[in-house]
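What follows is the residue order along each chain.
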Amino acid sequence: MANYFNTLPLREQLNQLGVAEFMSNDEFADGVDALKGKKIVIVGCGAQGLNQGLNLRDSGLDISYALRKEAIEQKRDSWKNATDNNFKVGTYDELIPTADLVINLTPDKQHTSVINAVMPLMKQGATLSYSHGFNIVEEGMQIRKDITVIMVAPKCPGSEVRAEYVRGFGVPTLIAVHPENDPEGKGFDQAKAYCVGTGGHRAGVLNSSFVAEVKSDLMGEQTILCGLLQTGSILSFDKMIEKGIDAGYASKLVQYGVEVVTEALKHGGVTGMMDRLSNPAKIKAYKVAEELKQIMRPLFQKHQDDIMSGTFSRVMMEDWANGDANLLKWRAETGETAFEKTPAGDVKIGDQEYFDNYTLMVAFIKAGVELAFETMVEAGIQPESAYYESLHETPLIANTIARKKLFEMNRVISDTAEYGCYLFDQACKPLLGDFMKTVDTDLVGKNYNEGKDGSVDNQELVEINEAIRNHPVEIVGRKLRKAMTAMKAIKTA
Amino acid sequence: MALLNIENLFVHYGLKTVLHNLSFTINAGEGWVIRGESGSGKTTLGKAISGQLRSTGQLKIDFNPQSPLPAEVLFVESWYRFTNLEGDRNFYYQQRYNHYQRKDTSTVAHELEQYGKEHSLSNARLEELLTTLNYHEVLDEQLFEISSGEHKKLQLVKALWLQPQLLIIDQPYTGLDVRSRANLNTLLNQYTTAGGALLLISNDMELPECGTHFITLEAGRIVPADKALYLKEQIAKPLPTFLLSPPQYTSQDIISMHDVAVRYDEKYVLSDIHWQVKAGERWLLQGPNGSGKSTLLSLITADHPQAYANHITLFGVKRGDGESIWDIKKRIGLISPELHWYFDANATVSQSLASGFFDSNGQYQKLRYAQKQQLEELLKFLNLFDVRNELLTTLPLGKQRLALLGRTIIKNPQLLVLDEPCQGLDHQQTRYFNHLVDTISKNGVTIIYVGHFESQLPACLTHKLVLAQGKMVVNESY
Ligand SMILES: NC(=O)c1ccc[n+]([C@@H]2O[C@H](COP(=O)([O-])OP(=O)(O)OC[C@H]3O[C@@H](n4cnc5c(N)ncnc54)[C@H](OP(=O)(O)O)[C@@H]3O)[C@@H](O)[C@H]2O)c1
Ligand SMILES: [Mg+2]
């Protein structure tokens, strides 16, 4: 199988990369009608599978689960999840031939083998859906021509997909139809109906493409989301230890700091996050972020280039074929860092203190979000997609770091994110070597405002405020956040 | 020597003085009861004594070094807040009905084991408490799976296991059934006999014999008991007009259950349920803690996945026939202790009421003109208009409950599901609320009301269903 994107002429590549249209509410007026009464069979009952299925059934749709034989025979968790919640469960042979819509929610790494097993059993004219386009775009999986191929990709973990639905809300979602597989022209209506069934239509939906989803998802996860948060956390911790800051304090500041800082990002974007700083600290963070952007831009560009050319997925798939040798080695190394091994101290750190004493992280996040966004947009991805894959998801990943540090964060994110995160981290740390020599405890570990008189140059402040507010990620972010009005506060430990 | 000596005690929140010049003395072995209406400062006093709040004036605690009880003060909060294993609290009230293999919170047994270790407590004493409070059955369950009454018991078991020299319990009876109350009172009597000093924060009437001293608070001051505001009648106002019109029934069969059962693994929490509810009937649902009441209701409110595996017809439509849960919810007004526990912490009073139009937890949609009018009428009717822009969670518990009650009636639904609606309300508020239910019921709304105490029920109820261990034991006209 050849990388699908690479088989396209440039014109078509640009065309598909550039799809991103924010959908208005009235486009969902038909509710779940397009799938009403249809047989929907979900393959896999894990994080996405179970929670999407619960929502779809509660929206009045007919859901059952096809699991692999071993899972049923051994009564694995996936089998229990489905049967305990009173879903019908069967083998591929039993259920797939009856399905009007087959939803593939197995791990991406397994998609080729799952599709090869499922596709021959699918009836003529049925629909196949994914929640991530890796298999179609990077592996170039060819789907039978009578089958319609769609994507409904919630931009949140499965547990959130369920929690927000029963609260009466939803999570932001990308939907798409694969242009090679829409023989009857019904794909878009079905994708919309499916999206309504999961509650996604209440929180903002992007009409996207498989290509745009994959290329932006990969870029976001390996640079700002996982890669930079990991590099920034480790460098910050090491710097504090080097400068004699209490290790327990340093560990707590780093572990929970990203969550508190990005909580502000979630509500008010980069502007809202920067506004949590005092004026002098804001000016400093701005300048540091500019410097960081200059240093890291070539690395962000390299990641984007490797993703576009298919190099990244080719190298990663070689590692899959090699029993994940690199991945497992790098994962183990993450578990051995000093930050990972130092438990968070039993000290109380107030909400504001995380900003005042961890201004360096604010600068890292500003630089990372803007760089990821700029690099994606330069590569032909629309600002809306770039926003979801950079700024929007940052607080979600930060949340997993606050819960259990980096090793666990890497374990729970997808295989592709984890692999890319390590590549980024390994390249980024040496790149920042000289920069980190200039960093002192006023930026990380102690209150930046301490011993400073708080005065700033009016004109400079005005200019910086404007630059922050008018960055393109802020402009598109304001629009999209308005659509996602209600946001829960994450509790500070 | 007195165990607790308070003289000229003040507590301030910012510029507001919430406790004014309190003075009293408590000795070992005494049982005290703090009464007063919601917002009068009862909980604040408890927190001040336990050192969780800053106070001025004298607050002296002299522990007795000779006492066998540990020299500690324990304040048991009216609400028990637990976190999942990752220290997070992002729960939703329907969560305990979904079945996941992954365990999110620890089990009751594990929680108790940790607690015992932390405080070096004896297992023999624990056994006694578990037996007296009839608590063995829930030991293997996860924290978010157990009912509100069972959570209350967990708090009580911990407190009475520790037996500190000074024990303050905020709302000790919330959610407890009749028998558990009596058992708790026995334990509280034993505790004071053993030399403990007990302070109960409660307006309840069924108190333990040891509760012989009373403090009545009004707006932060101690007042003589007979003068207290909470005993005065509330002035009845006319009902908002939108609540006068009868609900639009689409079917006379509101609920029809045939041989309904719910089980987790091998354990049945409901079985053999055959139940019919017709339009306009008003049912009382009763049963001891853990008898399956909330689970039964969750099948009606479309919150339980196992509804799909049962013969249940709601509003004339069989479950699983392609209806969405939102089609069902829009006909129901629901309040329950769990809904309150996990309610959106960022919602204002106004948003909390308004979310009843959409059956969401928190408000995510804009109101139409008529809805805004209805909201304002209802806020005024419930005396909540002045606090409409405050966060729900900053109000005293009783007022929060009132706001969520408002949420249930704001759309004038066909069916009101009131699961222990007066839990946390004092006597006066309970009577007021039940009077309200009686008044609304005249428009022909169907009601299911869960309440433990005969003396605290609305008068309008017409039928009664009683559960015991997941089975129906009474099903009759009332
Ligand atoms: N997690 C997220 O946050 C997220 C967000 C958006 C989109 N997605 C996408 O959603 C999809 C599913 O991800 P997930 O996180 O839900 O995965 P997951 O939790 O790991 O669940 C995977 C399920 O697939 C089954 N499975 C594993 N290997 C299989 C095989 N070889 N053949 C058949 N079934 C197999 C597993 O059950 P058994 O092992 O018991 O058979 C399990 O039920 C992916 O495409 C992912 O990119 C995920
Ligand atoms: Mg992603």
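Not measured: the values here are computed from a predicted model. (Residues numbered from 1 in each chain as written. Chains lettered and ligands numbered in written order. Predicted model: local features only at pLDDT ≥ 70, side-chain atom pairs only at ≥ 80, totals over all residues. Heavy atoms only, no water.)

Colleague: Got a sec to walk through the overall build of chain B? Specific residues and values, please.
Modeller: A count of helices and strands for chain B gives 12 helices and 19 strands. In terms of C-alpha radius of gyration, chain B reaches 23 Å, essentially the compact-globule figure of 23 Å for 478 residues. Burial analysis of chain B (478 residues in total) assigns 61% to the buried set. Considering only contacts in chain B between residues 6 or more positions apart, those separated by 24 or more positions represent 72%. Surface accessibility of chain B: about 19,600 Å² in total, with carbon and sulfur atoms responsible for 50%. (Helix = DSSP H or I, 4+ residues; strand = E, 2+ residues; numbered from the N terminus. Rg over C-alpha atoms; globule rule 2.2 N^0.38 Å. Buried < 20%, exposed > 50% of the residue type's maximum accessible area, 1.4 Å probe, protein only. Contact = heavy atoms within 4.5 Å. Areas by Shrake-Rupley, 256 points an atom, 1.4 Å probe, with all protein chains shown as cover.)

Colleague: How would you summarise the overall build of chain A if you had to cite specific residues and measurements?
Modeller: Each helix and strand in chain A was counted, giving 24 helices and 9 strands. A compact globule built from 493 residues would reach a C-alpha radius of gyration of about 23 Å, and chain A, at 23 Å, matches this within 12%. Oriented by its inertia axes, the alpha-carbon framework of chain A measures out at about 75 × 45 × 45 Å. Relative to its full complement of 493 residues, chain A shows a buried share of 62%. Total accessible area computed for chain A in this model is approximately 17,500 Å², and 51% of it derives from carbon and sulfur atoms. Positive and negative side-chain charges of chain A, numbering 54 and 68 respectively, have mean locations separated by a distance of 3 Å. (Lys, Arg positive; Asp, Glu negative; His and termini not counted. Charge placed at Lys NZ, Arg CZ, Asp CG, Glu CD.)

Colleague: Could you give an account of the sheet that holds strand β8 (residues 211-218) of chain B, naming the residues involved and the relevant values?
Modeller: Residue and element names in this part refer to chain B. Read from one edge of the open sheet, 6 strands run β5-β6-β7-β3-β8-β9, paired in mixed fashion. Strands with a single pairing partner mark the edges of an open sheet, and in this sheet they are β5 (73-76) and β9 (221-223). Strand-to-strand, the axes of this sheet are offset by a mean angle of 25 degrees, without reference to chain direction. By the bridge criterion, 5 bridges tie strand β6 (residues 166-170) to strand β7 (residues 197-201) in an arrangement that is parallel. Along β7, the bridge assignment pairs Leu 166 with Ala 197. (Pairing = 2+ DSSP bridges. Axes fitted to C-alpha atoms, helices over the stretch in contact; angles between N-to-C directions.)

Colleague: Describe the domain arrangement of chain B, and please don't skip the residues or the numbers.
Modeller: Residues and elements named next belong to chain B. Domain parsing of chain B yields domain 1 (4-82 + 156-227) and domain 2 (241-477). The straight-line distance from the C-alpha centre of domain 1 to that of domain 2 is 32 Å. Counting from both sides, the interface comprises 18 residues of domain 1 and, opposite them, 20 residues of domain 2. Between domain 1 and domain 2, a total of about 1,500 Å² is buried, with carbon and sulfur atoms accounting for 57% of that surface. Broken down residue by residue, the surface that domain 1 buries against domain 2 is led by Ser 38, Trp 79 and Asp 177, which jointly contribute 37%. The tally of links from domain 1 across to domain 2 stands at 1 residue pair in polar contact (both at pLDDT 80 or more). A class-by-class count of the residues in the side of domain 1 that touches domain 2 yields 5 nonpolar, 8 polar and 5 charged. (Domains from an automatic or database assignment. Buried area = accessible area lost by both parts, 1.4 Å probe. Polar contact = N/O pair within 3.5 Å; in protein donor to acceptor, adjacent residues only side chain to side chain. Nonpolar A, V, L, I, M, F, W, Y, C, P; charged D, E, K, R; others polar.)

Colleague: For the layout of surface pockets, give the residues involved together with the corresponding values.
Modeller: Residue and element names in this part refer to chain B. When its volume is computed, the second largest pocket comes out at roughly 1,100 Å³. Within the residue set of the lining of the second largest pocket, elements represented by two or more residues are α4 (148-162), α5 (178-193), β11 (267-278), α6 (293-300) and α8 (337-341). Residue contributions to the lining of the second largest pocket peak at 4 residues, all from α4. Residue classes in the lining of the second largest pocket are distributed as 10 nonpolar, 18 polar and 16 charged. (1 Å grid on protein atoms, 1.4 Å probe; cavity = no way out; pocket = protein on both sides within 12 Å on 5 of 7 lines; lining within 4 Å. Points joined across faces, edges and corners; volume = space filled by probe spheres on them.)

Colleague: If you had to explain the pairing of strand β19 (residues 471-477) of chain B to someone new, which residues and values would you point to?
Modeller: All names here are of chain B. In the sheet, strand β18 (residues 463-468) pairs with β19 via 6 bridges, with the strands oriented antiparallel. Residue pairing for β19: Lys 464 is matched across the bridge by Glu 476. As consecutive antiparallel partners, β18 and β19 are separated by 2 residues, and within that stretch Gln 469 has a phi angle of approximately 45 degrees, a positive value.

Colleague: An account of the confidence of the model for chain B is requested, with residue identities and associated values reported.
Modeller: All names here are of chain B. Summing up the model confidence of chain B, the mean pLDDT is 87 and the portion of residues at 70 or higher is 92%. Within the model, the stretch residues 227-233 combines pLDDT values under 50 with 18 contacts to residues more than four positions away or in other chains. ipTM for the predicted complex: 0.79, alongside a pTM of 0.84. (pLDDT = per-residue confidence, 0-100.)

Colleague: Which residues make up helix α20 (residues 394-412) of chain A, and what values do they have?
Modeller: Here α20(A) is 19 residues long, yet its end C-alpha atoms lie only 15 Å apart, well below the 27 Å a rise of 1.5 Å per residue gives. Among all positions of α20(A), only Thr394(A), Pro395(A), Ile397(A), Ala398(A), Asn399(A), Ile401(A), Ala402(A), Lys405(A), Leu406(A), Glu408(A), Met409(A) and Asn410(A) are buried. (Expected span 1.5 Å × (residues − 1).)

Colleague: Requested: an account of the environment of Glu180(A), with residues and values cited.
Modeller: Residue and element names in this part refer to chain A. Relative to the elements of secondary structure, Glu 180 occurs in the loop between β8 (173-177) and α10 (187-198). Under the relative-accessibility criterion, Glu 180 is labelled partly exposed at 36%. Placed 71 residues apart in sequence, Glu 180 and Lys 109 show a C-alpha to C-alpha distance of 22 Å.

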